[in-house]
Amino acid sequence: MFRQLGVIGCGLMGGSFALALKRGGLVKRVVGYSKSPSTVERAKRLGVIDESADSALLAVSGSDIVLISVPVAATEGTLKTIRHGIEPGALVMDVGSTKRDVVDAARRVLKERLVSFVPAHPIAGKEVAGVEHADALLYQNRQVILTPLPQTDPALVQKATDVWAAVGSQVLRMTPENHDTAFAAVSHLPHLLAFAYFNAVMAQPAGREFLSLAGPGFRDFTRIAAGEPAIWRDILASNREEVIKQLARLRHALDAFEHVMRSGNQEALEDLIRNASEGRGNWQMNARPGSAR
């Protein structure tokens, strides 16, 4: 059991982690900080946190486990702020959807406290944000990717593995580079496509009329276009090189479809569709449905 959890960013992700640890009897006390005082007040009123802190540094002080749940672009500033408050042996994790930039930031600012940092990415979320939507079961039956650094204390990597497993997650380890390459393909590019496609429909003169005729297929395909703009701006910007590589691969696949359609080659068109259909039919997601980042 942990003595105190310090949560920096008392929104959906940080709040859900706090509730999960409370539900599992894994922590005695939760102290939270958010940039918005109203968020901290709501978190306390809802029982997500036990005490509020006036700064990120004060939330970390006395905590033997810390979760940083801020936009990826704010990670470096947050680490710089809390560095001197990290106690020896404390476990510090983030929940960012990109990892190379987070690891680079940690190397720049944490110095001797780098041993405490275990970068993490829980593949979980909802289409709605805010601490009022925090859920103790958010991480249950979900994958969590850890990307520890060579300097990370192995005992803390194991402790991170154990705490995520205790709240019902399946824990995997990857390098930051492999993580960002993989998630550019299966998460970041799909979100970009949903944003771009929805914009393309709305930009047409009859776009709103088209939307009034859309059914379940359109709803399912565009669901993730409702993602939080600031969060996805940061994710796509921080992992832009890998996303751009995936865009090139997508253009190649789209060109193949356009070529066979222009040529009228229906057999080749059916082959392309069958390849995707059979692949999708054989694929199974390793987590329960929901919005993931």
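Residues numbered from 1 in each chain as written. Predicted model: local features only at pLDDT ≥ 70, side-chain atom pairs only at ≥ 80, totals over all residues. Heavy atoms only, no water.

Caption draft 1: Broad picture of unusual backbone geometry. Although it is not a glycine, K111 sits at a positive phi angle of roughly 55 degrees. Within the secondary structure, K111 sits in the loop between α5 (100-109) and β6 (117-118). Judged by its relative accessible area of 49%, K111 is partly exposed. Although it is not a glycine, N141 adopts a positive phi angle of roughly 60 degrees. The topology assignment puts N141 in the loop between β7 (120-122) and β8 (143-146). For N141, a relative accessible area of 48% corresponds to the partly exposed category. (Helix = DSSP H or I, 4+ residues; strand = E, 2+ residues; numbered from the N terminus. Buried < 20%, exposed > 50% of the residue type's maximum accessible area, 1.4 Å probe, protein only.)

Caption draft 2: Layout of the packing of helix α7 (residues 176-202) against helix α11 (residues 240-263). Between α7 and α11, the shortest axis-to-axis distance is 9 Å and the interhelical angle comes to 70 degrees. The angle between α7 and α11 places the two elements in the roughly perpendicular class. Between α7 and α11 lies a crossing of right-handed hand. Contacts from D180, T181, A184, A185, H188, L189, L192 and L193 in α7 reach E242, V243, Q246, L247 and L250 in α11. Residues belonging to the contact of α7 with α11 are distributed by class as follows: eight nonpolar, three polar and two charged. (Axes fitted to C-alpha atoms, helices over the stretch in contact; angles between N-to-C directions. Parallel < 35°, antiparallel > 145°, perpendicular 65-115°, else oblique. Left-handed = near helix turned anticlockwise from the far one by under 90°. Contact = heavy atoms within 4.5 Å. Nonpolar A, V, L, I, M, F, W, Y, C, P; charged D, E, K, R; others polar.)

Caption draft 3: Fine view of α11. Counted at 1.5 Å a residue, the expected span for α11 with its 24 residues is 34 Å, and the 34 Å between its end C-alpha atoms agrees. Inspection of α11 places E242, V243, Q246, L247 and V260 among the buried residues, and these make up the whole buried set. On its buried side, α11 packs onto α5, α7, α10 (229-238) and α12 (266-282). Downstream of α11 by a residue or two, G264 has a phi angle that is positive, lying close to 75 degrees. (Expected span 1.5 Å × (residues − 1).)

Caption draft 4: Region of the structure containing the pairing of strand β2 (residues 27-33). Of the pairings in the sheet, the one linking strand β1 (residues 2-8) to β2 comprises six bridges and is parallel in character. For Q4, the partnering residue across the bridge sits in β2 and is R29. Of the crossover connections in this fold, the one passing from β1 over helix α1 (residues 12-23) to the parallel β2 is right-handed. Judged from the two bridges that link them, β2 and strand β3 (residues 51-52) form a sheet pairing that is parallel. Bridge assignment links V31 to a residue of β3, and that residue is E51. Handedness of the crossover joining β2 and β3 through helix α2 (residues 37-45): right-handed. (Pairing = 2+ DSSP bridges. Right-handed = clockwise from strand over helix to strand, strands pointing away.)

Caption draft 5: Local environment of the sheet that holds β1. Taken together, the six strands give an open sheet; going across it, the order is β3-β2-β1-β4-β5-β6, and neighbouring strands pair in parallel fashion. Edge positions in the sheet fall to β3 and β6, since each has one partner strand and no second. Each of β1, β4 (65-68), β5 (91-94) and β6 is contacted by helix α6 (residues 154-166), which is oriented at about 60 degrees to β5, the strand it contacts most.

Caption draft 6: Molecular detail of α5. Taken residue by residue, α5 has V102, V103, A105, A106 and V109 as its buried positions. Projected onto a plane normal to the axis of α5, the buried residues spread over an arc of 160 degrees and lie on a single side. Trailing α5 by a residue or two, K111 shows a phi angle of about 55 degrees, which is positive. (Arc of directions from axis to C-beta.)

Caption draft 7: Looking closely at the nonpolar core. Residues L5, F17, L21, I65, M93 and W164 are the most contacted members of the largest nonpolar core, which totals 39 residues. The set of elements that each furnish at least two residues to this core consists of β1, α1, β2, α2, β4, β5, β8 and α6. With seven residues, the top contributor of residues to this core is α1. With residues up to four places along the chain from it excluded, the contact list for L5 reads F17, A18, L21, V27, R29, V30, V31, S63, I65, V66 and L67. Membership of the second largest hydrophobic core comes to 21 residues, among which are A53, I82, V109 and L114. (Core = buried A, V, L, I, M, F, W, Y, C linked by side-chain atoms within 4.5 Å.)

Caption draft 8: Spotlight on the layout of surface pockets. In this structure, the second largest pocket encloses a volume near 1000 Å³. Contributions of two or more residues to the lining of the second largest pocket are made by α1, α2, α4 (75-82) and α10. Of the residues forming the lining of the second largest pocket, the biggest block, five residues, is contributed by α10. Of the residues contributing to the lining of the second largest pocket, the split by class is 21 nonpolar, 16 polar and eight charged. (1 Å grid on protein atoms, 1.4 Å probe; cavity = no way out; pocket = protein on both sides within 12 Å on 5 of 7 lines; lining within 4 Å. Points joined across faces, edges and corners; volume = space filled by probe spheres on them.)

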